[in-house]
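As a plain string of letters, each chain reads:
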Amino acid sequence: MEQEIDIITLSVIQKALENITDEMGLVLRRASFSPNCKERLDFSCAIFDSEAELLAQAEHIPVHLGAMFSSTFEIIKEFPIEELNEDDIIILNSPFTGGTHLPDVTFLMPVFIDGELTFFVNNRAHHADIGGATPGSMPGISSELFEEGLIIPPVKLYERGKEVTDVMNLILANVRVKKERLGDFRAQRAALLRGKERLIELSEKYNKTFLLNACTKLKDLSEKAFKSQLSNFPNGTFQFTDFLDSNGISEQSVKIKVNITKSNGKYLVSFNGTDPQQTGNVNAPQSVVYSCVYFVFRSLTDSSIMTNAGLFRNIDIEIPEGCLLDPKPPAAVSSGNVETSQRIVDVLLGALAQAFPQLIPAASQGTMNNITIGGFDHTGKQWTYYETIGGGTGAGCEYNGISGVHSHMTNTLNTPIEALEIAYPLRIMKYSFRDNSGGIGEKKGGDGIVRIIKCLLDSSVSLQTERRKLPPYGLNGGEPGLKGVNKKITIDGKTIILPGRSITNFLANETLILETPGGGGFGKRI
Amino acid sequence: MKCLGIDIGGTFTDLIIVDDDRNVILNKVSSTPEDQSIGVQNGLQKLGESALSNLNVLVHGTTVATNAILERKGARTCLITTEGFSDLIEIGRQDRINLYSLTPERTPPLIPRELRFGVKERVDAKGNILVPLDSLDIEKIKEKILQEKVESIAISLLFSFFNSKHEDLISKRIKETYPSLHVSSSSFVLPIFREYERTATTVLDAYVAPIMRNYFDSFYNKVKNQGIDTPPLVLLSTGGVTQMKNAAEKSVETVLSGLAGGVLGGLYSCNELQISNALTLDIGGTSTDVANIVNGKIEISTDNVIGNYPLNIPAIAVQTIGAGGGSIARFEHGILRVGPESAGAEPGPACYNRNGTNPTVTDANLVRGLLNPDYFCGGSIKIFPDKAKQVISLLNNDLNFNTIEECAAGIIEIYENNIALALRKVSTEKGYDSRNFTLIAFGGAGGLSACSLGDRLSMTSVVIPPYPGVWSAYGLLTADIRHDLSTSILKPLNQISYEELDLAFNDLAQQGIKLCIEDGFSSKDVLVAKQLDVRLVGQSHELRVPYYGQLETISLSFDKVHEQAYGYSSPEEPREVVNIRVSAMVPLPKFSLPTLPEGDSNSEKAKIGVRKVFLKDNFIKAAIYNKSLLYANDIIKGPSIIEQADSTTLVNEGWYAEVKSDGHLLLKKE
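Residues numbered from 1 in each chain as written. Chains lettered and ligands numbered in written order. Predicted model: local features only at pLDDT ≥ 70, side-chain atom pairs only at ≥ 80, totals over all residues.

> Could you clarify how one ought to interpret the overall build of chain B in this entry?
Looking only at helices and strands, one finds 17 helices and 35 strands in chain B. A globule of 670 residues ought to have a C-alpha radius of gyration of about 26 Å, and chain B, at 26 Å, matches this closely. Projecting the C-alpha coordinates of chain B onto the three principal axes gives extents of approximately 80 × 55 × 50 Å. Counting only residues that meet the buried cut, chain B has 54% of its 670 residues in that class. In chain B, the proportion of contacts linking residues at least 24 apart, taken out of those at least 6 apart, comes to 66%. (Helix = DSSP H or I, 4+ residues; strand = E, 2+ residues; numbered from the N terminus. Rg over C-alpha atoms; globule rule 2.2 N^0.38 Å. Buried ≥ 20, exposed ≤ 12 C-beta atoms within 10 Å, placed from the backbone. Contact = placed C-beta atoms within 7 Å.)

If you want it as structure tokens, here you go:
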């Protein structure tokens, strides 16, 4: 018999679930070592039910939105529920089993209520390094996943609360800074334990059956709200195509194509017509594609609707076999998460603009401008600095874009200049808006950023940047934003244009100039 | 000794006078947001000459700076930065506020681009001058200042906390030409590394400085006109006080002044009742402020935010959420939400009958019978139960409860749940077990939810201060003189010599002592506390440890704090000193509250009636007591209601209240 659940209790339970994921995030952030977690908030925490349906997620970074669900789903495929025990923790990062790119390491723990597996808590954190060819595990150029770091399929790292030492040792033997990794793993585990503790408290308060009924009801409510919010979505098929500048190895454009079809209140998002798997690292695992699609639909709906499995129930995603959005081993993927994801959003929004011409903005910068600089300092110690740089966002029907900000699939913070100049042999010469780089239009796209970095010692500079060849599109007659530019100024003052993806040696006192793309304009300027 | 506290809130300006003979005079007048000093004048006039005669101390808590920032009504300010970095204040940390939105947003900076100027100069990460300051650039900026009618100037150059020469020079040159303009230098306001946060805090200082100077002048004049000649003290965000003329030098320190009084009031209650661990809860009309007191100490944080702008100077760690008597209930996507939107003072809850159409928490409490329509705010505000019933019943059309009372109880359930989550953030989520804490509840709406919130956090004792509605104002009178100073060191611990560290600490201590002397005290009155911000090399969040004048103890203290914060320590890892901090304090004399006559636990004399109230899911009869008729040691068993002019307390079923001799109510779970 299903118990009647009153609205008040339901509202309270919803808030409690959200709060548990927030608290998990707090624990993870405070205790972690990787700058990506503690400074840039590149992590997520979530609660799932025993069917791997999302119940609540702490919202830190959009690119994890669908990926959390994929990894939970893959884990229960690998580990039938009867093989999971209390206080087990499964670790994974393989992009072929629910991961995104290798530095993103997922932890998942089953939560038993009254002796029965009832929930999963999980989190994902971007680690500073997970081995592979280059420090930071995000090589600018790679053609096999093996170059990008250690691949961890779903395996138990803790069994009934006890560390599986063999697995831990194997992982630590393959990464660059063992102690730091260990610290981060501990932080991830501490966050899961906190989540588990809170879920048990909640189950004691309400009793399990009641709580699960409430969760079912909450998912149904989100589904209902999703449907009613998108009731004005016209029936039909909307298509859009855009390109990546490069396949990661050569300057060969790569096509991403989408068809969004609405019929009978259901949405089919098909990537038929997208280019096949690439030799470079632009391939994006399915979980990243899910994140992009969910991000776009999440942004279309009111923020007060709860983020849970119900919200996405009426979206079907079709990814053709063998295309770059369903890479097969040993495809390289390190850029899929950070660059291809932005282009997937661009094509999704481009298609939606035909359904909602007044609602959808022009393209934003469409890249995260990943820079990794490394070398050896005066004492011979190895150092690595990783950063992503904001740009312009697209203008909309009623607003200008904004300048120098992260858009769409990322929202990570920058590293303070004073912090990085103290830590690394680098000097920042300029960090400002890139004037007049936003697309012209009735409404103007946001401007990009100019960041000039001088290497004080010989260094290696690895770039993963996009929109260097094809600019972010404008809409309704608005002009595109300016393309990004990467330059090297040599000691003798010569300017060399660097390709979007490159690994280049810089001598001491040579300078890197990054000019990030502007957002597209909206409407013809009269 | 006689002291006056003046606390200004969004709705009311509260005044309280206390003297050595334990006389207390309270007064509440409407706030005057356009010029808060007018409300002060009204309040003083209402108190009358004799009440104000022979006043020794006047302490003021203000929200003028807070409001100037939130409403973007500060001075026309310009910003001078290192060339190439003048957009930094707008770029911020490159993030947007709303993660999932087609229209990303960023809080616009307080200084528009046309008022941000770069100068050719550069200091490196060791404090060496790489590029000397360009005089010509300063001349050009001086012209701009005139052209653009700039009223206040913020200067923040890279690495100025290591070498302030260029900032000092610019400041000097501008002051020579425009002696009347205010100049805030980052090396003075916050000589701490991380350029965005330092610049943003310096901008806030420049932005509010002229406003605060005017306000302090006008406050001082109005107070003087009432015959008060003691120099007014103003409450700082740290909970310390200083003379207004000192506060005007670094007005950014008053930005969270309005939040600090309540926590000080809570600390006073703790001291009186010998409570060492407590959560303070101040529920007002639009917001609720919660904070923790651990081992008798208030938590100070340097990681603060106001209106999305970072404010990295020390302030009492207060968590504020949008929940209060005016919070609006609405039904959305199948879920009932209460707050953060508030009906505010205008139009106010529907029951105020000022054209408010939204159901609020106050309306719900009125429908439940918890508020006395004839004695709301001591009878000064007339409230209409019919209006409340009307709006709640309209909401109930969507919710389908059997009765509107059930609907009202539902609104309160959500509202109290939100507050309970905020209380958890300052207790359980920081690793403190709320069961060992006492809840100190005040503010106009604190008493009604106190027991219920205690239950939600498994707390078994709750304290209601004697004057809950003006407890923030009373808190002002418990503050001490305090000045906080800090500077960045950024050096590995094993490379720092004792002499070097001591010199740096002494420099800060001397500055602090000087400020205390300016407040009218002698250097021997001053107590100095020293702390360091330390982290492991490779970490980016610092932990604060005390400094006892020995290098060896730093590492040990750090390991202990690290263990407590993160669950483990790493004694073998190298650590670095990031900042050093000094607090210079002068304790001020404290007061006692009037004592009540001794009673014999029988509270019958104070019982003024019985009312039907809706608790949980049914109507019950609750006895109503008049607070002013209660004696010390009286016991009141729940369910009952204790009414007083400035607040209403609900003693829930299963709880009882004990009246303390100074008027505190100690509520305990049976």
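Don't stop here, the text continues.
> Explanation requested: the domain arrangement of chain A in the structure shown.
You'll often see interface size given as the accessible area lost when the parts meet. All names here are of chain A. Domains assigned within chain A are domain 1 (7-224) and domain 2 (361-526). On a C-alpha basis, the centres of domain 1 and domain 2 stand 32 Å from each other. Each partner contributes to the interface: domain 1 provides 15 residues, whereas domain 2 provides 19 residues. Its residues assigned to classes, the side of domain 1 that touches domain 2 shows nine nonpolar, three polar and three charged. (Domains from an automatic or database assignment. Nonpolar A, V, L, I, M, F, W, Y, C, P; charged D, E, K, R; others polar.)

> Would you take a moment to explain the packing of helix α1 (residues 7-31) of chain A against helix α13 (residues 404-425) of chain B for this structure?
The packing of two helices is summarised by the inter-axis angle and the distance between the axes. Remark: α1(A) packs on α13(B), axes separated minimally by 9 Å, with the N-to-C direction vectors making an angle of 15°. If you check the angle between α1(A) and α13(B), you find them roughly parallel. Between α1(A) and α13(B) lies a crossing whose hand is right-handed. Between α1(A), through A:I7, A:I8, A:S11, A:V12, A:K15 and A:N19, and α13(B), the contact on the second element is made entirely by B:G410, B:E413, B:I414, B:N417 and B:L421. (Axes fitted to C-alpha atoms, helices over the stretch in contact; angles between N-to-C directions. Parallel < 35°, antiparallel > 145°, perpendicular 65-115°, else oblique. Left-handed = near helix turned anticlockwise from the far one by under 90°.)

> Honestly, the environment of B:G549 in this entry has me stumped. Any pointers?
Residues and elements named next belong to chain B. Along the chain, the position of G549 falls in the loop between β27 (543-546) and α17 (552-566). For G549, a count of 10 C-beta atoms within 10 Å puts it in the exposed group. In the structure, G549 is positioned 19 residues away from K530 in sequence and 8.7 Å away in space, judged by C-alpha atoms.

> So what exactly am I meant to see when it comes to the sheet that holds strand β12 (residues 370-376) of chain A here?
Adjacent strands of a sheet pair through backbone hydrogen bonds, lying either parallel or antiparallel. All names here are of chain A. The antiparallel open sheet is built from four strands, whose spatial order is β13-β12-β16-β19. Each edge of the open sheet carries a strand with a single partner, namely β13 (382-388) and β19 (501-506). Taken pair by pair, the neighbouring strands of this sheet meet at an average axis angle of 15°, ignoring direction. In this sheet, β19 lies alongside strand β16 (residues 459-464) in antiparallel orientation, the contact comprising six bridges. Across the sheet, the residue bridging to L463 is S502, located in β19. (Pairing = 2+ DSSP bridges.)

> What exactly am I supposed to notice about unusual backbone geometry here?
With the exception of glycine, most residues fall at negative phi, and the peptide bonds are largely trans. Geometrically, the link from A:P329 to A:P330 is a cis peptide bond, its omega value of 0° lying close to zero. Relative to the helices and strands, A:P330 resides in the loop between β11 (315-318) and α8 (336-355). The omega torsion across B:G638 and B:P639 is 0°, close enough to zero to call that bond cis. Following the sequence through the fold, B:P639 ends up in the loop between β31 (635-637) and β32 (640-644). We note that A:N436 has phi near 60°; this positive angle belongs to a residue other than glycine. The topology assignment puts A:N436 in the loop between β14 (426-434) and β15 (448-455).

> Explain the confidence of the model for chain B here, please?
Confidence in the prediction of chain B, expressed as mean pLDDT, is 91, and 99% of residues score 70 or more. For this predicted complex, the interface score ipTM comes out at 0.91, while the overall pTM is 0.91. (pLDDT = per-residue confidence, 0-100.)

> Would you explain the sheet that holds strand β6 (residues 155-159) of chain A in this entry?
Residue and element names in this part refer to chain A. Here we have seven strands laid out as an open sheet, ordered β2-β1-β5-β4-β3-β6-β7, and antiparallel in their pairing. Two strands close off the open sheet at either side, each with one partner strand: β2 (54-58) and β7 (162-163). Bridge analysis of strand β3 (residues 89-92) against strand β4 (residues 104-113) gives three bridges, and the strand direction is antiparallel. For L92, the partnering residue across the bridge sits in β4 and is T106.

> Is there a simple way to explain the pairing of β32(B) in this structure?
A regular strand carries its side chains on alternate faces of the sheet. Residue and element names in this part refer to chain B. Of all five residues making up β32, five are buried, and the element is well covered by its neighbours. Here β32 shows no split at all, with S640, I642 and Q644 on one side and I641 and E643 on the other all buried. Alignment of β32 against strand β33 (residues 647-651), held across five bridges, turns out to be antiparallel. Bridging from a neighbouring strand, I641 pairs with L650 of β33.

> Explain the interface of chain A and chain B here, please?
The partner chain B presents 45 residues to the 57 residues of chain A that form the contact. Elements that contribute at least two residues to the side of chain A that touches chain B include exactly α1, α2 (35-38), α5 (178-206), α6 (208-229), α7 (286-300), α9 (417-423) and β14 of chain A. A total of 12 residues in the side of chain A that touches chain B trace back to one element, the largest contributor, which is α1(A). Of the residues assigned to the side of chain A that touches chain B, the class counts are 29 nonpolar, 15 polar and 13 charged.

> What exactly am I supposed to notice about the environment of B:L181 here?
All names here are of chain B. By the secondary structure assignment, L181 is in the loop between α6 (165-177) and β10 (182-185). With 18 C-beta atoms counted inside 10 Å, the residue L181 sits in the partly exposed group. Sequence-distant contacts of L181, that is, excluding residues within four places in its chain, are made with E151, S152, I153 and I174.

> Looking at this structure, how should I read α6(A)?
Spanning 22 residues, α6(A) covers 31 Å between terminal C-alpha atoms, matching the ideal 32 Å at 1.5 Å per step. Taken together, the buried positions of α6(A) are A:L211, A:A214, A:C215, A:L218, A:K219, A:L221, A:S222, A:A225 and A:F226. Down the axis, α6(A) shows its buried residues gathered within 155° of arc, on one side only. The inward-facing, buried residues of α6(A) abut α1, β1 (43-49), β2 and α5 of chain A together with β22 (335-342) of chain B. (Expected span 1.5 Å × (residues − 1). Arc of directions from axis to C-beta.)

> Got a minute to help me understand the environment of A:N314 in this structure?
Residues and elements named next belong to chain A. In this fold, N314 is placed in the loop between α7 and β11. The sequence separation of N314 and L117 amounts to 197 residues, and the corresponding C-alpha distance is 27 Å. Here N314 is in contact with E223, F226, K227, G265, K266 and Y267, once residues within four sequence places are set aside.

> How do you make sense of the pairing of β22(B) when you look at a structure like this?
All names here are of chain B. Most of β22 is tucked away: six of the eight residues are buried. Alignment of strand β21 (residues 327-332) against β22, held across five bridges, turns out to be antiparallel. Pairing of F331 across the sheet is with L336, part of β22. The loop that links β21 with its antiparallel partner β22 comprises two residues; one of these, H333, has a positive phi angle of about 50°.

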